[in-house]
Structures are given as structure tokens and as C-alpha cells.
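Listed here are the chains, written in short residue letters.
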Amino acid sequence: MYAVITENDISKWKDSTGVLYHFPKRYEALLESGTNLIYYKGRIKDSIYRPSRLSDAPHYFGVAKIGKVYLDRESNKGDLFATIVDYRPFSVPVDFKDGGNYLEDIPPNLSSNYWRNGVRPISKEIYELIFQLGFDHGDNDFIRSKNLESSNNDNIGTLESYRDGEKKLKFVTTYERNPALRKQAIAIHGLSCRACGFNFGDFYGEYAEGFIHIHHIIPVSELDGPRTIDPETDLVPLCANCHSVVHRQKNRTLSTEELIGLIRAKKGSSENSHT
Ligand SMILES: [Zn+2]
Ligand SMILES: [Zn+2]
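- Under an unreviewed UniProt entry, the name given to the protein chain is Restriction endonuclease, and the organism recorded is Pseudidiomarina aestuarii.

### Structural notes on the coordination of the zinc ion (ligand 1)
Right, so step 1: For the zinc ion (ligand 1), the protein coordination sphere consists of Cys193 (SG), Cys196 (SG), Cys239 (SG) and Cys242 (SG), at 2.3 to 2.4 Å.
Right, so step 2: Taken together, the four donor atoms coordinating the zinc ion (ligand 1) span angles of 102 to 116° at the metal, a pattern that classifies the geometry as tetrahedral.
Right, so step 3: Counting residues between consecutive donors of the zinc ion (ligand 1) along the chain gives the motif C-x2-C-x42-C-x2-C. With cysteine 196 in the loop between helix 4 (179-189) and helix 5 (200-204) and cysteine 239 in the loop between strand 10 (235-238) and helix 6 (240-246), this pair connects stretches of sequence that are 43 residues apart.
Right, so step 4: Residue cysteine 196 is classed as partly exposed on the basis of its relative accessible area of 39%.

### Let's talk about the sheet that holds strand 1 (residues 2-6)
Right, so step 1: Strand order across the open sheet formed by six strands is 2-5-4-3-1-8, with mixed pairing between neighbours. The sheet is open, and its two borders are formed by strand 2 (20-23) and strand 8 (119-121), each paired with just one other strand. The mean inter-strand angle of the sheet, taken between neighbouring strand axes irrespective of direction, is 35°.
Right, so step 2: In terms of strand pairing, strand 4 (residues 59-71) meets strand 5 (residues 80-95) through nine bridges, oriented antiparallel. Paired with histidine 59 across the strands is aspartate 95, a residue of strand 5.

### Thoughts on the environment of lysine 97
Right, so step 1: Following the sequence through the fold, lysine 97 ends up in strand 6 (residues 97-98).
Right, so step 2: Since its relative accessible area comes to 33%, lysine 97 is described here as partly exposed.
Right, so step 3: Measuring from C-alpha to C-alpha, the distance between lysine 97 and histidine 59 comes to 8.4 Å, with 38 residues separating the pair along the chain.

### Examining the environment of phenylalanine 135
Right, so step 1: Of note, phenylalanine 135 is situated in helix 1 (residues 124-135).
Right, so step 2: Each C-alpha atom of the pair phenylalanine 135 and glycine 62 lies 9.0 Å from the other, and the pair is 73 residues apart in sequence.

### Re the pattern of salt bridges
Right, so step 1: Per the counting criterion, the structure on display carries 10 salt bridges.
Right, so step 2: For glutamate 28, the salt bridge identified is with lysine 25, shortest N-O distance 2.8 Å.
Right, so step 3: On the basis of relative accessible area, lysine 25 is assigned to the partly exposed category, the value being 47%.
Right, so step 4: Close ionic contact of lysine 68 with glutamate 232 constitutes a salt bridge, the shortest N to O distance being 2.8 Å. On the criterion of sequence distance, the pair formed by lysine 68 in strand 4 and glutamate 232 in the loop between strand 9 (213-216) and strand 10 is long-range, its members being 164 residues apart.

### So, unusual backbone geometry
Right, so step 1: Phi at aspartate 86 takes a positive value of approximately 55°, unusual for a residue other than glycine.
Right, so step 2: Here aspartate 86 lies in strand 5.
Right, so step 3: For aspartate 86, a relative accessible area of 48% puts it in the partly exposed group.

### Considering the nonpolar core
Right, so step 1: Ranked by internal contacts, the top residues of the largest apolar core, which has 20 residues, are Cys193, Ala195, Ile214, Leu235, Leu238, Cys242 and Leu259.
Right, so step 2: Looking at this core, the elements with two or more residues in it are helix 4, strand 10, helix 6 and helix 7 (256-273).
Right, so step 3: The residues touching cysteine 242, leaving out its near neighbours within four places in the chain, are Cys193, Ala195, Cys196, Leu259 and Ile263.
Right, so step 4: Membership of the second largest hydrophobic core comes to 16 residues, among which are Tyr21, Tyr27, Leu31 and Ile66.

### Quick look at the packing of aromatic side chains
Right, so step 1: Under the definition given, this model contains 20 aromatic pairs.
Right, so step 2: Between tyrosine 2 and tyrosine 127, the aromatic rings sit 4.9 Å apart at their centres with planes inclined by 50°, giving tilted as the arrangement. With tyrosine 2 in strand 1 and tyrosine 127 in helix 1, this residue pair connects regions lying 125 residues apart in the sequence.
Right, so step 3: Arranged with centres 5.4 Å apart and planes meeting at 80°, the rings of tyrosine 39 and tyrosine 87 form a pair that is edge-to-face. Of this pair, tyrosine 39 sits in strand 3 (residues 36-41) while tyrosine 87 sits in strand 5; the two residues are 48 residues apart in sequence, bridging distant segments of the chain. In this structure, tyrosine 39 and tyrosine 87 share a single accessibility class: buried.
Right, so step 4: Grouping aromatic residues by their ring pairs yields a cluster made of Tyr40, Tyr60, Phe96, Tyr102, Tyr114 and Trp115.
Right, so step 5: Just above the ring of phenylalanine 61 sits the side chain of lysine 41; from NZ or CZ to the centre is 5.4 Å.

Reading guide: rules and limits
Residues numbered from 1 in each chain as written. Chains lettered and ligands numbered in written order. Predicted model: local features only at pLDDT ≥ 70, side-chain atom pairs only at ≥ 80, totals over all residues. Heavy atoms only, no water. Donors = N, O, S within 2.8 Å, 3.2 Å for Na, K, Ca; no water. Tetrahedral: all angles 85-135°; square planar, octahedral: opposite > 155°, others 65-115°. Helix = DSSP H or I, 4+ residues; strand = E, 2+ residues; numbered from the N terminus. Buried < 20%, exposed > 50% of the residue type's maximum accessible area, 1.4 Å probe, protein only. Pairing = 2+ DSSP bridges. Axes fitted to C-alpha atoms, helices over the stretch in contact; angles between N-to-C directions. Salt bridge = Lys/Arg side-chain N within 4 Å of Asp/Glu carboxyl O. Core = buried A, V, L, I, M, F, W, Y, C linked by side-chain atoms within 4.5 Å. Contact = heavy atoms within 4.5 Å. Phe/Tyr/Trp six-rings, centres within 6.5 Å; stacked < 30°, edge-to-face > 60°. Lys NZ or Arg CZ within 6 Å of the ring centre and 35° of its normal.

What follows is the structure, given as C-alpha cells:
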């Protein structure tokens, strides 16, 4: 499956390029997990957005894939969002027209309102054509591998430079500090502590809105080396207190379930002592 997705300069959607993409339910069938994406921006409407664009004209600016699709918990209309993986920005903007012709095929029945659709299915051939044009600047493979490298580094960090004893801790914190994974984890899990339910915005108000620690659960099988992190199953939101407690003993990180168990046991015993 291949699709173009639109990212506008001004939008009600809380999108993040190469990280998250929100969309209404009518596009669900076009954006299944694994769909190959081309990123598109329409014509510039306000020059203040110029620094964040490759071109003022409507253009394509990168490729990516749909990771997983989730229900948007903040929507009452059944909106969805997807995690975005393997994002690679183009080295040059690709104009939406080549000469006088659009690069996308516009079906006759959509000729009057085609560009109004933020998500548009395309053929494999058109995907490959735009892909080629986006990376087509002399040293094609070099640019491609460079982009790949930088997005990989984002995830893996510099594990090897650490001594063995520090390796595990470094491995954990690298993922916990990755801004893209953090955004995805918050979109999926929300901002309340998984162990005690604490919510910084609810308790402290607007100033603390959006604050939460993201903890990386490490399955035993993973301690030997890095693998792709799934923000749904590998990351959980924890408040600062709970997060400190799970890491309190360096050689024995608690699982979230163990921590929940501790909180319950303690609550139970203090309730009993008052009777
Ligand atoms: Zn907590
Ligand atoms: Zn942690």
C-alpha cells in the first residue's frame, strides 16, 4: 500500500513529522500498518512558516511508513493516529507538478476537489517516481544511507562506548530520552502514571501539563543488545516518584506490576493499622 499524507503548517492535529500522524476515520483503510508514505505540504499561507519548509510551492518532502494505528483517546469523533517509522526527509523538495502535469494521478471523479483530501492513495510507480526525485541529487545512495544512519542513531545511541557495568543503565536511559519515542508513548499511553495514577496536569495545573517520565521496560531477553523499541509494549508513563522507586536498586529494576503490588500492599497494611 502506498499513500501521500499531508502535513499543513497550521493544523488542529497534533502531528509531529516522522513521529505521529493524526487522521479522521475516513482515511483508516488507506493507512494500515506498513503503508509506504510520501509526505506532502500544500502552498505556503504565511511566510513565518518559511524556515520550516523546503519550498513555498506545494511539494513532497520525505518518505516514511505507518507503524501502528491507534484510537485517539482525546477524540470523540473516532479519530485515529499512527506512529510513523523509518522517516527520511528528502534532500530536495519535489514539486507537485512536473512541467504542467501533476505527479499524482487525479481520478476524473475527484478532479474538482482532489487536493482537499489530506490522505491520498497512490500507485507504487508514482511512489517510486517521487522517491527518486526526492533523493536524486548526485550521490543518491550516500544521502540515503546518511539519512538512515541518523534516524538509527536516534534509537540506539552510543551503547558500545560504555563499560559493561554501565551498559544496562545506559541502554535504558537512551530509550527513555528519545524524544520521538517519548511522543509516541504519550500518545499511546496518556500522561497518567501507570503505577499510581498520578497526573501532573491534574494535580499542579497548567504549568505542569504534559510532564511525565517515560520508563523503558526491559524484557530479560533484551539485556544483551538493542532491538527495535515498540512504544506500546516497551514503554510506560510513570510519575517522578514511581520512576525513582523502580530504579532505586541499580541491579534490580522493579517491574511495573511489582511496583503496583508494593503500593497496594502498603495501602492495605496502613488501612488495617487504623482499624
Ligand atoms: Zn506514580
Ligand atoms: Zn526507567
